[in-house]
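Report on the structure
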Amino acid sequence: MPERRRVRVTGTVQGVGFRPFVHRSAMALGLTGFVRNDSEGVLLEAEGAPCALDELCRLLVDAPPPMARVAAVQTTVVPALGGHSVFVIEASTSSGAPDAAVSIDTATCDACLAEVADPADRRHRYPFTNCTDCGPRYTIVTGVPYDRPATTMARFTMCRRCQAEYDDPGDRRFHAQPNACPACGPTLQLIWADGTTAESGEDALLTAAGSLAAGQTVAVKGLGGFHLATDATDAAAVALLRRRKSRDDKPFAVLVADLDAARSVCDLDDAAEAALVSSGRPIVVAPRRPGSDIVAAVAPGLHDLGVMLPYTALHHLLVAEVDRPLVLTSGNVSDEPIVHTDDDAVARLGPLCDVILTHDRPIHIRCDDSVVRAGDGAARVVRRSRGMVPEPMVLPRPAGHPLLAVGAELKSTVAVARGRTLTVSHHIGDLEHLAAHQSFVQAIEHLCHLAG
């Protein structure tokens, strides 16, 4: 006899392809009903044979989409409705305090990179290619439920072809909120250090790559803020960046094209390689390999080197065009927060660089790179930020009431606890400067808003 169950799924289940996964699974099992996002996560009702319902509930836990993190599945039997023949994806609803975790920013997936590399694809060499399995999330979200109007992509109206992908439950871009293409999405822009706009699109990319090849410094807008980039094999270029950034001896991170290139500059064990290619794409600190092309001034006096792989299509295109390792360090003067707006980039980074490679997709919340240290077969988190936050942690016992925790003056982060869920912010840094304190306040407001 048919049965109907209401299922509440909590955790990181929005913006990760969870609803189309439920839709495909339910249809394959011959179930009817609906699935939708709301303030708490994902809510679904499914009706059909009890054995099929059991299998659907198993799949929710054992085989969710790659970016999903299921915290709990609660099931209630409700009266069967009958008379329906389809399983539908309903529009999101919002009521009460938000309790749905926002997904992390995730490196561009292989399927999207294949499109970027394919001259016959409409997204060929498009720097902002993404799908439900990859792309920006935390850094562009302004509220929950996680839908396009609650992101910085709200200003971009999808073209007919992108909208068709977005509306198709069978497409891997179904409800991919940052979905875009060259016809309707963000565009690269090249700005001279004085704020004058130079070029856009592919020309901007090629000019920036030419500047890097010539030993100049380029400010590059990434997912969570701007980086300062220069040729890591050019001693004069690295020395100039150090003088401009007022960073005498602290090490710089190095961006390389792929895992083979990382192996050529660092001794990597299995844990280090796994961290490098993980979806979060952190900086991995590992023993430096003697004889590499990386100049000593990148990490003066140290036996280790921080190395990272590209995590957006833009980074893939840029490092491939230059065809050599690049210094990729936070876009700031030492001890100030990373720059994440275009106006701030001209004002604060203009004196530190030769050109600025930016784009018109706003970054809502700044988020520096995560750092892990590899060694002895393990990768230990040193700085938990882009690609790792706001992944929730589970407390050993529930908080008695909602709590905001603020860190110390040095290496500061903030956190919010609700029930057994602890959400820690991105790395903020030292709070001795006014700009850093303003970043600290913004992080608190953003985290508290997302947590209701």
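Quick notes on the rules
Residues numbered from 1 in each chain as written. Predicted model: local features only at pLDDT ≥ 70, side-chain atom pairs only at ≥ 80, totals over all residues. Heavy atoms only, no water. Buried < 20%, exposed > 50% of the residue type's maximum accessible area, 1.4 Å probe, protein only. Helix = DSSP H or I, 4+ residues; strand = E, 2+ residues; numbered from the N terminus. Arc of directions from axis to C-beta. Contact = heavy atoms within 4.5 Å. Salt bridge = Lys/Arg side-chain N within 4 Å of Asp/Glu carboxyl O. Disulfide = S-S within 2.5 Å. Pairing = 2+ DSSP bridges.

Comments concerning helix α10 (residues 342–349)
Every α-helical turn comprises 3.6 residues, leaving residues that sit three or four positions apart pointing alike. The complete set of buried residues in α10 reads Ala-345, Arg-348 and Leu-349. Buried positions in α10, seen along its axis, are confined to an arc of 90 degrees and lie on one side of it. Summarising the geometry of α10, the exposed residues directed more than 90 degrees from the buried face are Asp-343 and Ala-347. Those residues of α10 that are buried are in contact with β8 (218–221), β9 (226–231) and β14 (355–359).

Notes on the pattern of salt bridges
This model, assessed by the stated rule, comprises 29 salt bridges. Asp-62 is the partner of Arg-58 in a salt bridge, and the nearest nitrogen-oxygen pair spans 3.5 Å. Taken together, the residues Arg-58 and Asp-62, both in helix α2 (residues 50–62) and 4 residues apart, mark about one turn of the helix. Looking at Asp-62, the relative accessible area reads 53%, which means it is exposed.

Comments concerning the state of the cysteines
Throughout the structure, instances matching the rule amount to 0 disulfides. Not part of a disulfide, Cys-51 finds its nearest cysteine sulfur in Cys-57, a span of 12 Å. Taking the relative accessible area as the measure of exposure, Cys-51 reaches 61% and is therefore exposed. Cys-181 takes part in no disulfide bond, and the closest cysteine sulfur, belonging to Cys-162, lies 3.6 Å away.

Description of the sheet that holds strand β20 (residues 421–424)
The strand order across the open sheet formed by 4 strands is β17-β20-β19-β18, and the pairing between neighbours is antiparallel. The sheet is open, and its two borders are formed by β17 (393–394) and β18 (403–406), each paired with just one other strand. Note that strand β19 (residues 414–418) and β20 share 4 bridges and pair antiparallel. Bridge assignment links Val-416 to a residue of β20, and that residue is Thr-423.

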